[in-house]
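# Close look at the chain arrangement
Residues per chain, in single letters:
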Amino acid sequence: MTDRYAVIGNPIEQSKSPQIHAQFARMCGQQIDYVRILGDAASFAATVRQFRDHGGRGLNVTAPFKLQAFELADEASEAARQAGAVNAMKFEGSRILGENFDGTGLVQDIQGNLGRSLAGRRVLVLGAGGAARGILAPILGERPAEAVIANRDEDKARALAQRFARRGPVRGTGYQALTGQPFDLVLNATSSSLAGELPPVPASAFGPDCLAYDLSYGRGLTPFLRLAREAGAPRLADGVGMLVEQAAEAFRWWRGVRPATRLVIESLAVPLA
Ligand code: NDP
């Protein structure tokens, strides 16, 4: 029987994961079956167990179930524990193992694909939700000069900074306090782009050699990326590389081989213009 995998989320029709994993499987000469599952909060655990019990080997987990997936896992990796969230599951017998590859995927995209080292850089993370929580430990692991978290709800930014304080220099703040402080890397980890909105980040946050990176993807020049371009940021990126890199990590975890990602990223990329 062909090994079965799926991505679970709600909504789920927009997910690119089936397309990405089909390309990986073709490139690696592997046979897998990969589908979308529309989840529901009340029956999330039952749906996961049913998939496992009917021959499922692993799942990708997307919004809004990453926290529930963490609660459900029998065993969570260090990355998943740091994030308090799971974005990939693997079934070993009846045991559910939980991983989180979002942060590794982002760092791999920034340093490997975009050629920007994080070491010694000033990094600004906008947003203090699930995505921010998943990327902070891997970012701090690369030893930036400082990571600053800015959020509309400033208390959430401070609480998040406190949670990761042992891992490196990190502080939480509101948006207003950012004025006049330039950064080498500005990451939009808010959900503003999904609503076509602009987070209230001042133009002065984009330093002269800044990489402006929007974690959302497939939306072209978002209001955040447009502001960055107008502020003179020389390099813009969206989250398609992060998406494909985290998928490659999950594929390796499940299948024991890491697929090449460049062609897959190119096939999904939308021009940022
Ligand atoms: P959450 O709902 O957990 O967090 C939302 C965050 O966005 C909060 O900090 C909220 O601030 C902030 N926010 C929402 N709207 C605005 C706005 N208009 N201006 C300023 N701040 C705003 O979302 P996630 O963390 O799960 O997702 C964030 C983004 O990351 C999404 O675009 C998602 O698509 C992307 N993502 C991309 C991945 C990839 O592989 N490329 C993987 C995971 C996520 P407040 O607390 O003040 O309300």
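The residue numbers shown here count from 1 along each chain, following its written sequence. Only residues with pLDDT of at least 70 get local features here, since the model is predicted, and only at 80 or more are side-chain atom pairs given and counted; chain-wide, interface and lining totals rely on the full set of residues. The side-chain quantities take in all heavy atoms of the structure and omit both hydrogens and water.

## Notes on the layout of surface pockets
Think of a ball as big as a water molecule: rolled over the atoms, this probe shows where empty space is left. Space inside and on the surface of the protein is sampled on a 1 Å grid over the protein atoms alone, with a cavity defined as a set of points where a 1.4 Å probe fits but cannot get out and a pocket as an open set with protein on both sides within 12 Å along at least 5 of 7 lines; lining residues have an atom within 4 Å of a point. Grid points are joined across faces, edges and corners, and a volume is the space filled by probe spheres set on the points. The calculated volume of the largest pocket comes to roughly 1,400 Å³. As for the largest pocket, its lining consists of 48 residues, of which Thr62, Ala63, Lys66, Ala131 and Leu194 are closest to the centre. Each helix is a run of DSSP H or I of at least 4 residues and each strand a run of E of at least 2, with the numbering of both proceeding from the N terminus. Counting residues per element, the ones that place at least two in the lining of the largest pocket are strand S3 (56-61), helix H3 (66-72), helix H6 (130-141) and helix H9 (240-255). Three residue categories are used. Nonpolar comprises Ala, Val, Leu, Ile, Met, Phe, Trp, Tyr, Cys and Pro, charged comprises Asp, Glu, Lys and Arg, and polar comprises the others, including Gly. For the lining of the largest pocket, a count of residues per class yields 21 nonpolar, 19 polar and eight charged. Its boundaries defined by the atoms lining it, the second largest pocket holds a volume of some 270 Å³. In terms of lining, the second largest pocket is formed by 15 residues, of which the most central are Leu114, Asp238, Val240, Ile265 and Ala269. Among the elements of the structure, helix H5 (102-113), strand S12 (235-238), H9 and helix H10 (262-268) are those that each provide at least two residues to the lining of the second largest pocket. Top element by residues in the lining of the second largest pocket is S12. It accounts for four residues.

## Side note on the sheet that holds strand S1 (residues 3-9)
Two strands are counted as paired when DSSP detects at least two bridges linking them. Pairing within the open sheet is mixed, and its six strands lie in the order S2-S1-S3-S5-S6-S4. Either end of the sheet is taken by a strand with one partner, and the two such strands are strand S2 (32-38) and strand S4 (75-76). Note: S1 against S3, five bridges, orientation parallel. Bridged to alanine 6 within S3 is leucine 59.

## A closer look at the site of the ligand
Taken together, 26 residues lie around the ligand, and Ala128, Ala131, Asn151, Lys156 and Glu197 are the ones closest in. Pairs of N or O atoms within 3.5 Å make up the polar contacts considered here, provided that, within protein, one atom can donate a hydrogen while the other can accept it, and that residues adjacent in sequence are counted only when both atoms are side-chain atoms. Interatomic distance of 3.1 Å between a backbone N/O atom of aspartate 153 and an oxygen atom of the ligand. A distance of 2.6 Å separates an oxygen atom of the ligand from a polar side-chain atom of lysine 156. All accessible areas in this document rest on Shrake-Rupley with a 1.4 Å probe, and a residue is counted as covered only by the protein chains that are shown. Compared with its free state, where it exposes 940 Å², the ligand has 78% of that area covered by protein. When its residues are assigned to classes, the shell around the ligand shows 11 nonpolar, nine polar and six charged. We call a residue near a given molecule or strand whenever any one of its heavy atoms falls within 4 Å of it.

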